[in-house]
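Secondary and tertiary structure notes
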Amino acid sequence: MKLYSETIFPWFLDRSLDTPQIRARRKRLVESVEGDVLEIGFGTGATLPFYNRDLVRSLSVVEPSTGMNKRAAEMIDRLNWSITIDALAGEDLPFDDQTFDCVVSSLTLCSVSDPPRVLAEIWRVLRPGGTLRFFEHVASEDPERRKWQDRLNPIQRVVGVGCNLNRDTVGLMRAAGFVIGSVPQQIEPSFPFAAYLPFVEGVALKSE
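Anyway, here's the lowdown on the structure attached to this text. (Residues numbered from 1 in each chain as written. Predicted model: local features only at pLDDT ≥ 70, side-chain atom pairs only at ≥ 80, totals over all residues. Heavy atoms only, no water.)

A look at the nonpolar core
With 27 residues, the main nonpolar core has Val33, Val37, Leu48, Tyr51, Leu59 and Val104 as its most contacted residues. Counting only elements with at least two residues in this core, the list comes to helix 2 (20-30), strand 2 (56-62), helix 3 (66-79) and strand 4 (100-106). Those residues in contact with Val104 that sit more than four places away from it in its chain are Leu29, Val30, Val33, Val37, Leu38, Glu39, Ile40, Tyr51 and Arg133. One finds Leu93, Phe100, Val125 and Val200 within the second-largest nonpolar core, a separate group that totals 24 residues. (Core = buried A, V, L, I, M, F, W, Y, C linked by side-chain atoms within 4.5 Å. Buried < 20%, exposed > 50% of the residue type's maximum accessible area, 1.4 Å probe, protein only. Helix = DSSP H or I, 4+ residues; strand = E, 2+ residues; numbered from the N terminus. Contact = heavy atoms within 4.5 Å.)

Comments concerning helix 4 (residues 115-125)
The complete set of buried residues in helix 4 reads Pro115, Val118, Leu119, Glu121, Ile122 and Val125. Along helix 4, the residues classed as buried sweep out an arc of 155 degrees about the axis, all on the same side. In this structure, the buried residues of helix 4 make contact with strand 1 (35-40), strand 4, strand 5 (126-137) and helix 6 (169-175). (Arc of directions from axis to C-beta.)

Overview of the pattern of salt bridges
Following the criterion strictly, the structure yields 14 salt bridges and no others. A salt bridge links Arg57 to Asp101; the shortest N-O distance between them is 3.3 Å. Taken together, the positions of Arg57 in strand 2 and Asp101 in strand 4 put the pair 44 residues apart, joining distant regions of the chain. On the basis of relative accessibility, which here comes to 59%, the residue Arg57 falls in the exposed class. The salt bridge partner of Asp97 is Arg124, with a shortest N-O separation of 2.8 Å. In this pair, Asp97 is assigned in the loop between strand 3 (85-86) and strand 4 and Arg124 in helix 4, connecting sequence segments 27 residues apart. Residues joined by salt bridges that share partners form a network here, namely Arg25, Arg28, Glu188 and Glu201. (Salt bridge = Lys/Arg side-chain N within 4 Å of Asp/Glu carboxyl O.)

Some thoughts on the state of the cysteines
For the structure on display, the rule yields 0 disulfides. There is no disulfide at Cys110, and the cysteine sulfur nearest it, in Cys163, is 3.7 Å away. (Disulfide = S-S within 2.5 Å.)

These values are about where atoms sit, not about what they do.
Printed below as a string of structure tokens:
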């Protein structure tokens, strides 16, 4: 199982998500972030090419997977960024309170083991007025699709190494105290099993 989770799965993610449409979404997610930035669930570093170095004062990243970190390190070296990956999960961020202006989550909150704890940690390390920028797949608002998400979720958790199809991520962010406007669900045709993976993208505010 470790061979799959740490070698095959990171390779599969890079291959399946390296489409012009997904790259455009990643770019839209991070191209305007500024100040001191934290990305949780850095994965293989797929967002890194789209950060604007003129806007980002510092970039910190956390990712618990050894296999993901190996591929991310190659991306960091290729793009000549000065970044150290903290090989930790989002439930225990190694940063002081109110350290960051922005936290980025790209296809991460579907997989964390304790979403409320992760969101509480994000809230803690964000400065007042800071933002959580997110691009996530979520539980469908369509009842029939949601039924299939619930049925397939046990399989998905194995194949996706802990990934959940049916997580109400926007609701969890609001419950954690973040202010979020309307977040329409979208379908990204280039994503595998797109009909069962509606996406949301947006900005959640830690109000001052």
